[in-house]
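Here is what each chain is made of, one letter per residue.
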Amino acid sequence: LLVELQSVVQAHVAGALPDPLATYRELEARGLKHPVLWINLAQLELHAGELDHAAACLNQTIKLQPQLALAWSLLGTVHRRLGDVARAMEALQQSLQLDSQNFSAWLTLSVVLHDSGQFAEAHEACLKALALEPESAAAHANFSMILLALDDPQAAEVSARAAISRDPMLPEAHLNLGN
């Protein structure tokens, strides 16, 4: 099964799997227990909105490889989408302890902090995300939202325009301009 998993991952990365989610689910149903399977399956389940199964896959991964920052970061994203702020922050902070250069964890943490009304902390987390990926449209859009919450509309507009210049189809950036 491990050789088959390796082939599946290669095909998935190459875009050659017609239904990656079904393929990974089938490997799991056949009894394969491996962090690579669970990480890939969790990402697909997350995108499919199957948050409980994504969390289960990530928890299995973390049991076997607790040092895997990606698993903690994804678990933070899942908990955020499930509305569990405390568990989201805990998982994201664990991810950042393991890898302080994890852009996704910083960005998601900034969203969680913003959503929980911790605007100054959200500002700091988003600045760290932007320092890692200054061209990220999503980070600029999020930063704009945080700046609006901090009552800095001029800076928020600059950041929203930066997001739009990087991705004109990003709806969050347009909302932050009030358009």
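Up top is the structure.
Figured I'd write up the structure that's included with this text. Predicted model, so just to flag it, every value in this text is computed and none were measured.

What counts and how
- Residues numbered from 1 in each chain as written.
- Predicted model: local features only at pLDDT ≥ 70, side-chain atom pairs only at ≥ 80, totals over all residues.
- Heavy atoms only, no water.
- Helix = DSSP H or I, 4+ residues; strand = E, 2+ residues; numbered from the N terminus.
- Expected span 1.5 Å × (residues − 1).
- Buried < 20%, exposed > 50% of the residue type's maximum accessible area, 1.4 Å probe, protein only.
- Contact = heavy atoms within 4.5 Å.
- Salt bridge = Lys/Arg side-chain N within 4 Å of Asp/Glu carboxyl O.
- Core = buried A, V, L, I, M, F, W, Y, C linked by side-chain atoms within 4.5 Å.
- Axes fitted to C-alpha atoms, helices over the stretch in contact; angles between N-to-C directions.
- Parallel < 35°, antiparallel > 145°, perpendicular 65-115°, else oblique.
- Left-handed = near helix turned anticlockwise from the far one by under 90°.
- Nonpolar A, V, L, I, M, F, W, Y, C, P; charged D, E, K, R; others polar.

Digging into helix 5 (residues 69–82)
So, point 1. In this model, helix 5 (14 residues) spans 20 Å end to end at C-alpha, consistent with the 20 Å of a helix rising 1.5 Å per residue.
So, point 2. Summarising burial for helix 5: 10 of the 14 residues are buried, a large majority.
So, point 3. For helix 5, the set of buried residues is Ala-69, Ala-71, Trp-72, Ser-73, Leu-74, Leu-75, Gly-76, Thr-77, Val-78 and His-79.
So, point 4. Looking at the buried positions of helix 5, the neighbouring elements they touch are helix 3 (35–48), helix 4 (51–64), helix 6 (85–98) and helix 7 (103–115).

As for the pattern of salt bridges
So, point 1. According to the stated counting rule, one finds six salt bridges in the structure shown.
So, point 2. Here Glu-26 makes a salt bridge to Arg-30, at a shortest N to O gap of 3.2 Å.
So, point 3. Residue Glu-26 is classed as partly exposed on the basis of its relative accessible area, which comes to 37%.
So, point 4. Classification of Arg-30 by relative accessible area gives partly exposed; the value is 40%.
So, point 5. Among the ionic pairs, Arg-161 bridges to Glu-157, the shortest N-O distance being 2.9 Å.

Overview of the environment of Glu-90
So, point 1. You can see Glu-90 is positioned in helix 6.
So, point 2. On the basis of relative accessibility, which here comes to 54%, the residue Glu-90 falls in the exposed class.
So, point 3. Considering only alpha carbons, one finds Glu-90 and Gly-76, 14 residues apart in sequence, at a separation of 7.4 Å.

Things to note about the nonpolar core
So, point 1. Counting 26 residues, the largest nonpolar core has Leu-5, Tyr-24, Leu-27, Leu-37, Leu-58, Leu-75 and Val-78 as the members making the most contacts within it.
So, point 2. Every element with two or more residues in this core is listed here: helix 1 (2–13), helix 2 (20–29), helix 3, helix 4 and helix 5.
So, point 3. Residue contributions to this core peak at seven residues, all from helix 3.

Quick look at unusual backbone geometry
So, point 1. Unlike most non-glycine residues, Asp-151 shows phi in positive territory, near 60°.
So, point 2. Relative to the assigned elements, Asp-151 resides in the loop between helix 9 (137–149) and helix 10 (153–166).
So, point 3. Under the relative-accessibility criterion, Asp-151 is labelled exposed at 67%.

Structural notes on the packing of helix 7 against helix 8 (residues 119–132)
The geometry of a pair of packed helices is captured by two quantities: the angle between their axes and the separation between those axes.
So, point 1. Put simply, helix 7 and helix 8 touch, their axes get as near as 8 Å, and they point 160° apart. The orientation of helix 7 with respect to helix 8, classified from their angle, is roughly antiparallel. Considering how the two elements wind past one another, helix 7 and helix 8 form a crossing that is left-handed. Facing helix 7, whose interface residues are Phe-103, Trp-106, Leu-107, Leu-109, Ser-110, Leu-113 and His-114, helix 8 presents Phe-119, Glu-121, Ala-122, Ala-125, Cys-126, Lys-128, Ala-129 and Leu-132.
So, point 2. Its residues placed into classes, the contact of helix 7 with helix 8 shows 11 nonpolar, two polar and two charged.

What to know about the packing of helix 1 against helix 2
So, point 1. Between helix 1 and helix 2, the shortest axis-to-axis distance is 11 Å and the interhelical angle comes to 170°. Looking at the two axes, helix 1 sits roughly antiparallel to helix 2. Packed against helix 1, whose contacting residues are Glu-4, Leu-5, Val-8, Val-9 and His-12, the element helix 2 presents Pro-20, Thr-23, Tyr-24, Glu-26 and Leu-27 at the interface.
So, point 2. Among the residues forming the contact of helix 1 with helix 2, the class breakdown is six nonpolar, two polar and two charged.

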